[in-house]
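# Close look at the chain arrangement
Residues per chain are reported as follows:
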Amino acid sequence: MYRVPVVLVPLFLVAILQLTTSHEVTYKSLTFGKDTSSYILMSPDMSPLQEELTICSWIKRMSNHQKNAQYWLSYVASANYEEIIISDTALYYLFRDGTSYTHPSLTTGWHHICCTWSYSSRTKRVYYDGVQIGSESTPSGRKLNIPGSLMLGQLHQGYGGGTIQSCCYFGGEMFQTNFFSTELSSSQIKEMYSQGRCSNYTQNFSDVTFLSWEEILQKDRHGSVTDKDLEECSTDHTHPTEEEETTEEEETTENPVNSTSWRFLRGEHWWNIIYFCLYHIMCMN
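Please read these numbers as outputs of a predicted model, since none were measured by experiment.

### Observations regarding the environment of Gly148
Structurally, Gly148 is set in strand β11 (residues 148–152). Taking relative accessible area as the criterion, Gly148 reaches 5% and is therefore assigned buried. Here the alpha-carbon distance between Gly148 and Gly160, two residues twelve residues apart in the chain, equals 7.1 Å.

This is the structure:
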């Protein structure tokens, strides 16, 4: 029988330790100051979104200076100062026109907001916590205008980032804001919400992700925009609602995407490779 060299024993023990400790991705949210100087400003080439788009985010309302709407996203095109605007109450403006919707009940905690549109369907839709609460037709032949400036945390109306509206700063917390170059279906958005804010469900749309949350976290920040780890996402990727407690079974159920075997296949932890090799060495006769 093959004998494992003594020098490999410590490596074997460390590999075991690595496998039994947490390997979760660090999940960070962004909190915006309650002022007009806290924001993230970008000037991406929005051409992939000219004919269809989906914008989704987890939003936590933390200020009530505007009861009806505090805006966490605004996109100003050179030809239109209200090309896309989204508030923390799911008020969705596209092409300078609001979307008729059922105003959601304002409650504390996290809520999931998605806004979609496509040139072919000529329809914009807004979803709140996985449920479609509004829709409206858009003008025939209208596409998303480019170029433009994209701002998170403020309502700006000046191309390039100017004319921030003092009435409507966001002043809340944001997480997993993603832009997709396709119109996601109602079932996909419902599943995204059901999976919870700590899931990796959005990875299913990596081929149509235009701007990811990970990319946004790397952008320059202005004013008081701070990130923090979401502790509830550090051990398991389930998300109880604010009103419900997670059962013991739910707490111990691991998302298959984050299982040890899947993480090994993705090569996230090179100690797993050591463990794999040592395991086969020990099994050799």
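Now that the structure has been shown, the text picks up again.
### Some details on the packing of aromatic side chains
Tallying each qualifying case throughout the model produces eight aromatic pairs. Through successive ring pairs, a cluster of aromatic residues spans Tyr27, Trp110, Phe175 and Trp213. Note that Lys143 overlies the ring of Tyr119, its terminal NZ or CZ placed 5.1 Å from the centroid.

### Focus: the sheet that holds strand β6 (residues 92–94)
Read across the open sheet, the six strands follow the order β2-β11-β4-β5-β6-β7; overall the sheet is antiparallel. Where the open sheet ends on each side, the last strands, each with one partner, are β2 (40–42) and β7 (97–98). Note that β6 and β7 share two bridges and pair antiparallel. Within the sheet, the bridge partner assigned to Tyr93 lies in β7 and is Gly98.

### Here's the deal with the confidence of the model for the protein
Residues with a pLDDT of 70 or more make up 73% of the protein, whose mean pLDDT is 80. The model gives residues 6–25 a pLDDT under 50, and that stretch makes 27 contacts with residues more than four places away or in other chains. When the criterion is pLDDT under 50, residues 236–271 qualifies, and its contacts beyond four places in sequence or with other chains add up to 58 contacts.

### Section: the pattern of salt bridges
Counting across every chain of the model gives ten salt bridges. The salt bridge partner of Lys143 is Glu51, with a shortest N-O separation of 2.9 Å. Of this pair, Lys143 sits in the loop between β10 (131–137) and β11 while Glu51 sits in the loop between β2 and β3 (52–60), placing them 92 residues apart in sequence. Look at Glu51 and you get partly exposed, because its relative accessible area is 42%. Ionic pairing is found between Glu173 and Lys228, a salt bridge with its closest N-O pair at 3.7 Å. Here Glu173 is found in strand β14 (residues 173–180), whereas its partner Lys228 is found in strand β16 (residues 225–229), with 55 residues between them in sequence. Given a relative accessible area of 2%, Glu173 falls into the buried group. Residue class for Lys228 comes out partly exposed when judged on its relative accessible area of 42%.

### Details of the side chain of His111
Among the secondary structure elements, His111 is positioned in strand β8 (residues 110–118). Its relative accessible area of 10% is what places His111 among the buried residues. Among the polar contacts listed, one links the side chain of His111 to the side chain of Asp129, at a separation of 2.8 Å. The contact partners of His111, leaving out residues within four places of it in the chain, are Ser57, Trp58, Ile59, Tyr128 and Asp129.

### Section: the environment of Glu82
Summarising the element assignment, Glu82 is placed in strand β5 (residues 80–87). The residues contacting Glu82, other than those within four sequence positions of it, are Tyr75, Leu94, Phe95, Arg96 and Gln157.

### Here we look at the pairing of strand β4 (residues 71–77)
With respect to burial, β4 is a largely interior element, seven of its seven residues being buried. Bridge count for β4 against β5 is five bridges, and the pairing is antiparallel. Counterpart to Tyr71 in the pairing with β5 is Ser87. The hairpin formed by β4 and β5 contains two residues between the paired strands. Pairing of β4 with β11, which is carried by five bridges, proceeds in the antiparallel orientation. Bridge assignment links Val76 to a residue of β11, and that residue is Ser149.

### Focus: the state of the cysteines
Inspection of the entire model under this criterion finds three disulfides. The disulfide bridge from Cys167 ends at Cys168, spanning 2.3 Å between sulfur atoms. Handedness of the Cys167-Cys168 disulfide follows from its S-S torsion of about -70°: it is left-handed. Judged by relative accessible area, which is 34%, Cys167 ranks as partly exposed. Take Cys168: its relative accessible area is 7%, and that puts it in the buried class. Here Cys198 pairs with Cys233 through a disulfide, and the sulfurs are 1.9 Å apart. Disulfide Cys198 to Cys233: torsion about the S-S bond roughly -60°, handedness left-handed. Here the residue Cys198 occupies a position in the loop between α2 (186–195) and β15 (209–211), and Cys233 occupies one in the loop between β16 and α4 (248–252), the gap between them amounting to 35 residues.

Calculation rules
Counting restarts for each chain, with residues numbered from 1 along the sequence as it is written. Residues qualify for local features only when their pLDDT is at least 70, as the model is predicted, and side-chain atom pairs are given and counted only at 80 or more; totals for whole chains, interfaces and linings, by contrast, use all residues. Where side-chain values are given, they derive from all heavy atoms of the structure, hydrogens and water being excluded. Secondary structure elements follow DSSP: runs of H or I no shorter than four residues count as helices, runs of E no shorter than two count as strands, and numbering proceeds from the N terminus. When a residue's accessible area, from a 1.4 Å probe over protein chains only, is under 20% of the maximum for its type it is buried; when over 50% it is exposed; and in between it is partly exposed. When two rings of Phe, Tyr or Trp (its six-membered ring) have centres within 6.5 Å they constitute a pair, described as stacked for plane angles under 30 degrees, edge-to-face for angles over 60, and tilted for the intermediate range. Two limits define a charge over a ring: the Lys NZ or Arg CZ must be within 6 Å of the ring centre, and within 35 degrees of the ring normal. Two strands are counted as paired when DSSP detects at least two bridges linking them. As a per-residue measure, pLDDT tells how confident the predictor is, with possible values from 0 to 100. Residue contacts are counted whenever heavy atoms from the two residues lie within 4.5 Å of one another. What makes a salt bridge here is a side-chain nitrogen of Lys or Arg within 4 Å of a carboxyl oxygen of Asp or Glu, nothing more. Pairing of N or O atoms within 3.5 Å defines a polar contact, subject to two protein rules: one partner must be a possible hydrogen donor and the other a possible acceptor, and residues neighboring in sequence count only if both atoms are side-chain atoms. A pair of cysteine sulfur atoms is labelled a disulfide when the two atoms are within 2.5 Å.

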